[in-house]
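Chains, contacts and geometry: an overview
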Amino acid sequence: MKLAHKNILIVSPEPWSHIFVSKHHYATHLAKRGNQVYFLNPPTGAFKLQQTDYQGVETIDYRGFLPGLKYFPSFIIRWLTRRVFDQLEQLAGVKFDFVWSFDNSVFYQFDALPKRVHKISHIVDLAQNFELAKAAILADVCFGVTASIVDALKKYNENSFRINHGLSFQSTNIQISSKVPGNNQYKSFYLGNIAMRHMDWKVFYEAAKSNPNVDFIFIGPGEKNETNNYFNFELQIRTLSNVYFISKIPSEHVQSYLEEADMLLLAYQEYFHKDASNSHKILEYLYSGKPIIASYTADYDGSNLLYMSKTNEDWPKIFDQVLENLNEYSSKELADKRKKYALDHTYDKQIDRIEKILASLPS
């Protein structure tokens, strides 16, 4: 089945104004294929249709559902779901061909929707498990970004498939080096949400303190998060003279910044390793070609694409190993291997894979 010239409703747990993640990238790449995409924001209290800066992508605001909907009898849930769905079609002025849901806390009652509608449950975060079972059972097809998510989905729907995160890259080829802080010879970067409770500030702190000849640069939005188990280490790392923080940067500048790095960093607390068995940022990291030091990331285990610690206790040791052998680990051969993997997972190629899966399903 070709995903072209269709009306597609994407259900997202993050609004369009959010920093672009997979839902936003799928919306824009599907629109480039001639689809009309309607991006359903989380409830805002009003019904509104608005054109985005991307041709073929419009956002929809809606009031949402009654609180505690999942506790209602099934026939009421179906009635309310269909009622909201009909309102959305009326607002958009089209009949939706697909409901592509990244949020199984709403529109999980897929059997309430018309039979003509193709229903997709797409889970990119293991924590997104509000109504995973019901959404999976009633969906036509399910996708997950990790093996563990797909295993969970397959318990309820045999038409469940792994589709890795996608790579979306924009580069303005601007000169970034003057904007990168620090005077050390070596630079290591972390790119992402600084306030994530997953972050292991303890290993970051240990590596930064024992390597004063390396600049540690953290790039991304977010304030300090006191709920993080290692919040005290975040406070301590901010006092080190070789550590710098840069707030959110334009997405088109990401690759320009990564090209200035010698090493790229990823460290999540061991408690979250299952939830963090894959990460969207890894493909952007790989596309830069730079060596990546990571905590255990199950979906890349054995790939030789990351320098990965089995336990977080070993993470600073892995960092030291990469630093000591940086010329070898930064070779053109290894850089090309990383970039090749990333380019095989662009959003266009992921949509190609999804088209083949849809074509293989029984009609």
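Just so you know, these numbers come straight off a predicted model, no measurement behind them. (Residues numbered from 1 in each chain as written. Predicted model: local features only at pLDDT ≥ 70, side-chain atom pairs only at ≥ 80, totals over all residues. Heavy atoms only, no water.)

Here's the deal with the layout of surface pockets
Estimated volume of the second largest pocket: approximately 290 Å³. Contributing to the lining of the second largest pocket are 16 residues, with H118, D140, L361, P362 and S363 lying nearest its centre. When residues of the lining of the second largest pocket are traced back to their parent elements, those giving at least two are β6 (118-123) and α12 (347-360). For the lining of the second largest pocket, the leading source of residues is β6, giving three residues. (1 Å grid on protein atoms, 1.4 Å probe; cavity = no way out; pocket = protein on both sides within 12 Å on 5 of 7 lines; lining within 4 Å. Points joined across faces, edges and corners; volume = space filled by probe spheres on them. Helix = DSSP H or I, 4+ residues; strand = E, 2+ residues; numbered from the N terminus.)

Digging into helix α8 (residues 281-288)
Burial of α8 is extensive: eight of the eight residues sit out of reach of the surface. Within the sequence span of α8, burial applies to K281, I282, L283, E284, Y285, L286, Y287 and S288. Next to the buried residues of α8 lie β9 (186-191), α7 (254-258), β12 (263-266), β13 (292-294) and α11 (332-343). Downstream of α8 by one or two residues, G289 has phi in the positive range, about 85 degrees. (Buried < 20%, exposed > 50% of the residue type's maximum accessible area, 1.4 Å probe, protein only. Contact = heavy atoms within 4.5 Å.)

Section: the environment of L361
Residue position: L361 is located in the segment after α12. The exposure class assigned to L361 is buried, which follows from its relative accessible area of 17%. Between the C-alpha atoms of L361 and Q321, which are 40 residues apart in sequence, the distance is 47 Å. Residue contacts for L361: discarding those within four places in its chain leaves D140, V141, N159 and F161.

Digging into the sheet that holds strand β11 (residues 243-246)
As summarised here, the arrangement of the six strands in space is β11-β10-β9-β12-β13-β14, forming an open sheet in which the pairing is parallel. Either end of the sheet is taken by a strand with one partner, and the two such strands are β11 and β14 (307-308). Pairing between β9 and β12: two bridges, direction parallel. Bridging from a neighbouring strand, S188 pairs with M263 of β12. Across the sheet, α8 touches β9, β12 and β13, and the angle it forms with β9 is around 150 degrees. (Pairing = 2+ DSSP bridges. Axes fitted to C-alpha atoms, helices over the stretch in contact; angles between N-to-C directions.)

Details of the side chain of E131
Residue position: E131 is located in the loop between β6 and α3 (132-138). Comment: no salt bridge for buried E131; closest opposite-charge side chain is K70, at 4.5 Å. (Lys, Arg positive; Asp, Glu negative; His and termini not counted. Salt bridge = Lys/Arg side-chain N within 4 Å of Asp/Glu carboxyl O.)

Details of unusual backbone geometry
Of note, F107 is a non-glycine position whose phi angle comes to about 55 degrees, a positive value. A residue is classified by how much of its surface remains accessible, and F107, at 3% relative accessible area, is buried. Positive phi, normally seen in glycine, also occurs at N304, with a value near 60 degrees.

What to know about the pattern of salt bridges
Overall, the coordinates contain 18 salt bridges when judged by the stated rule. For D86, the salt bridge is made with R82, and the minimal N-O distance between the two is 3.0 Å. Within this pair, D86 and its partner R82 are both found in helix α2 (residues 74-92), separated by four residues, close to a single helical turn. A relative accessible area of 33% means that R82 is categorised as partly exposed. Ionic pairing is found between R238 and E234, a salt bridge with its closest N-O pair at 3.0 Å.

Section: the sheet that holds strand β2 (residues 36-40)
Sheet strands line up and pair through hydrogen bonds in the backbone, either parallel or antiparallel. The strand order across the open sheet built from eight strands is β3-β4-β2-β1-β5-β6-β7-β8, with neighbouring strands paired in mixed fashion. In this open sheet, the two edge strands, each paired with only one partner strand, are β3 (48-51) and β8 (160-162). The sheet shows a mean angle of 20 degrees between the axes of neighbouring strands, taken without regard to direction. Of the strand pairs in this sheet, β6 and strand β7 (residues 141-144) are connected by four bridges, and their pairing is parallel. Counterpart to H122 in the pairing with β7 is F143. This element, helix α1 (residues 22-32), spans β1 (7-11), β2, β4 (57-61), β5 (98-101) and β6 of the sheet and lies at about 160 degrees to β2.

A look at the packing of aromatic side chains
Under the counting rule described, the total for this entry stands at 25 aromatic pairs. Ring plane angle 75 degrees and centroid distance 5.0 Å describe the contact between W16 and F39, whose orientation is recorded as edge-to-face. Residue W16 is found in the loop between β1 and α1, and its partner F39 is found in strand β2; the two are separated by 23 residues along the sequence. Considered together, W16 and F39 belong to a single accessibility category, that of buried residues. A ring pair is formed by F204 and W315, whose centres lie 5.4 Å apart and whose planes are at 90 degrees; its orientation type is edge-to-face. Taken together, the residues span a long stretch of sequence, with F204 in helix α5 (residues 201-210) and W315 in helix α9 (residues 315-324) at a distance of 111 residues. The same class applies to F204 as to W315, namely buried. Through a chain of ring-to-ring contacts, the aromatic side chains of Y190, W201, F204, F216, F218, F245, W315 and F319 assemble into a single cluster. (Phe/Tyr/Trp six-rings, centres within 6.5 Å; stacked < 30°, edge-to-face > 60°.)

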